[in-house]
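Observations on the three-dimensional arrangement
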Amino acid sequence: MGKPPEKDPKYQGLRSAGLLLAIPTILIVSPLVGFFLGTLVDRWRSTRPWFSIVGLLLGFAAGGRETYLLWKRAQEEEKDAS
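Everything in this summary refers to the structure shown in the same document. Just so it is clear, the model here is predicted, and its values are computed rather than measured.

**With respect to a nonpolar patch on the surface**
Taken together, the side chains of Ile 28, Val 29, Leu 32, Val 33, Phe 36, Leu 37 and Leu 40 define a hydrophobic patch exposed on the protein surface, amounting to about 660 Å² of accessible area. With respect to the helices and strands, Leu 32 occurs in helix α1 (residues 12-45). Looking at Leu 32, the relative accessible area reads 55%, which means it is exposed.

**Some remarks on the environment of Arg 48**
Here Arg 48 lies in the loop between α1 and α2 (50-81). Since its relative accessible area comes to 55%, Arg 48 is described here as exposed. Considering only alpha carbons, one finds Arg 48 and Gly 38, ten residues apart in sequence, at a separation of 9.0 Å.

**Focus on the nonpolar core**
A general trend in soluble globular proteins is that nonpolar side chains are found buried together. Counting five residues, the largest nonpolar core consists of Leu 19, Ile 23, Ile 26, Leu 70 and Ala 74. For this core, the secondary structure elements donating two or more residues are α1 and α2. Among the elements that take part in this core, α1 stands out by supplying three residues, more than any other.

The rules behind each value
Residues numbered from 1 in each chain as written. Predicted model: local features only at pLDDT ≥ 70, side-chain atom pairs only at ≥ 80, totals over all residues. Heavy atoms only, no water. Patch = residues over 30% accessible without salt bridge, like charges linked within 9 Å, V, L, I, M, F, W, Y side chains within 5 Å. Areas by Shrake-Rupley, 256 points an atom, 1.4 Å probe, with all protein chains shown as cover. Salt bridge = Lys/Arg side-chain N within 4 Å of Asp/Glu carboxyl O. Helix = DSSP H or I, 4+ residues; strand = E, 2+ residues; numbered from the N terminus. Buried < 20%, exposed > 50% of the residue type's maximum accessible area, 1.4 Å probe, protein only. Core = buried A, V, L, I, M, F, W, Y, C linked by side-chain atoms within 4.5 Å.

In structure tokens, the structure reads:
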């Protein structure tokens, strides 16, 4: 049996590019999801705009955390490839 693609050095550059290209998506989608969920809670509880703001902030925090973890993983994979 052959090696899995993620361990094959031929695909290492594509894997790193995929990881790093996921960062803008995470930074855009996370705050939007947080804002959307906060807006739903605001409509349900009639507390506009408090939960929308909290959801947006939590989305930014989650996006920042995931960005950091992806960046760290990309650095580790680059170090392992060297």
